[in-house]
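Residue-level structural notes
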Amino acid sequence: MSTIREILDRKGRAVLTIHGGASVLEAIGLMSEANVGAIIIQDGEEPDGIFTERDYLRKIALKGRSSSNTPLRDVMSFPIITITTADSTESAMETMTECRCRHLVVTERGRMVGLISLGDLVKHMLEEKVVEVRQLAQYIAGS
């Protein structure tokens, strides 16, 4: 059974962050540059919330709010849903399904050490299945 640590070891542990007073426009600009779907709002050492593409659609676009005049702290999602580096990928998938979210903050000893997306999980699980199929094919072929 694979763990979240394995995903972070492969993809990296960098997390895009911004302060809560920044505008939504600043956040989506950073998200676009980094080609990510979420940014962590953090004014101190601990994350305060998360802002995602889904938040933008539901809390800005559909409500007719201004991206340039709306501070992130007014539209971020919180509390943040977390998972630890020792948790399994299956557990992460179950958490995302239950909370209907696409991003989880990864913690280790209570500190944020990364962020994983649904896409990260799916990619990892598909790679695992490819390896399994290869091993089974070799076994069947008697290699």
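Data block above holds the structure.
Read on for an overview of the structure. (Residues numbered from 1 in each chain as written. Predicted model: local features only at pLDDT ≥ 70, side-chain atom pairs only at ≥ 80, totals over all residues. Heavy atoms only, no water.)

Quick notes on the overall build of the chain
- The helix and strand inventory of the chain stands at 5 helices and 6 strands.
- In sequence order, the chain lays out its α and β elements as α-β-α-β-β-α-β-α-β-β-α.
- Counting only C-alpha atoms and orienting by the principal axes, one finds that the chain spans roughly 65 × 35 × 30 Å.
- Counting every position in the chain, which comprises 143 residues, the buried fraction comes to 35%.
- Sequence-distant contacts, at least 24 apart, represent 57% of the contacts inside the chain between residues at least 6 apart.
- Positive and negative charge centroids in the chain, built from 17 and 20 side chains respectively, lie 4 Å apart. (Helix = DSSP H or I, 4+ residues; strand = E, 2+ residues; numbered from the N terminus. Buried < 20%, exposed > 50% of the residue type's maximum accessible area, 1.4 Å probe, protein only. Contact = heavy atoms within 4.5 Å. Lys, Arg positive; Asp, Glu negative; His and termini not counted. Charge placed at Lys NZ, Arg CZ, Asp CG, Glu CD.)

A look at the pattern of salt bridges
- Under the definition given, this model contains 7 salt bridges.
- Here D9 makes a salt bridge to R13, at a shortest N to O gap of 3.2 Å.
- By relative accessible area, which is 53% here, D9 ends up exposed.
- For D120, the salt bridge is made with K11, and the minimal N-O distance between the two is 2.8 Å. Pair noted here: D120 is in helix α5 (residues 118-141) and K11 is in helix α1 (residues 4-11), with a separation of 109 residues, a long-range link.
- Here the salt bridges share partners, and the residues they tie into one network are E45, E46 and R111. (Salt bridge = Lys/Arg side-chain N within 4 Å of Asp/Glu carboxyl O.)

Some points on the environment of K123
- Here K123 is to be found in helix α5.
- Between the C-alpha atoms of K123 and I7, which are 116 residues apart in sequence, the distance is 9.4 Å.

Here we look at the layout of surface pockets
- There is about 380 Å³ of room inside the largest pocket.
- Around the largest pocket sit 21 residues that line it, and I50, T52, S77, C101 and R102 are the ones nearest its centre.
- For the lining of the largest pocket, the secondary-structure elements that each account for two or more residues are β3 (49-52), α3 (53-61) and β5 (103-108).
- Ranked by residues supplied to the lining of the largest pocket, first place goes to α3 with 5 residues.
- The residue makeup of the lining of the largest pocket, split by class, is 9 nonpolar, 5 polar and 7 charged.
- The space that makes up the second largest pocket amounts to roughly 240 Å³.
- If you trace the second largest pocket, you find 14 residues lining it, with K11, A14, V36, A38 and L115 closest to the centre.
- When residues in the lining of the second largest pocket are grouped by element, the largest group, 3 residues, is from strand β6 (residues 111-117).
- Partitioned by chemical class, the residues of the lining of the second largest pocket number 8 nonpolar, 4 polar and 2 charged. (1 Å grid on protein atoms, 1.4 Å probe; cavity = no way out; pocket = protein on both sides within 12 Å on 5 of 7 lines; lining within 4 Å. Points joined across faces, edges and corners; volume = space filled by probe spheres on them. Nonpolar A, V, L, I, M, F, W, Y, C, P; charged D, E, K, R; others polar.)

Describing the packing of helix α4 (residues 89-99) against α5
- Packing of α4 against α5 brings their axes to within 11 Å, and their N-to-C directions diverge by 140 degrees. In the packing of α4 onto α5, the handedness of the crossing is left-handed. Contacts from T89, E90, A92, M93 and M96 in α4 reach L118, L121, V122, H124 and M125 in α5.
- Of the residues assigned to the contact of α4 with α5, the class counts are 7 nonpolar, 2 polar and 1 charged. (Axes fitted to C-alpha atoms, helices over the stretch in contact; angles between N-to-C directions. Left-handed = near helix turned anticlockwise from the far one by under 90°.)

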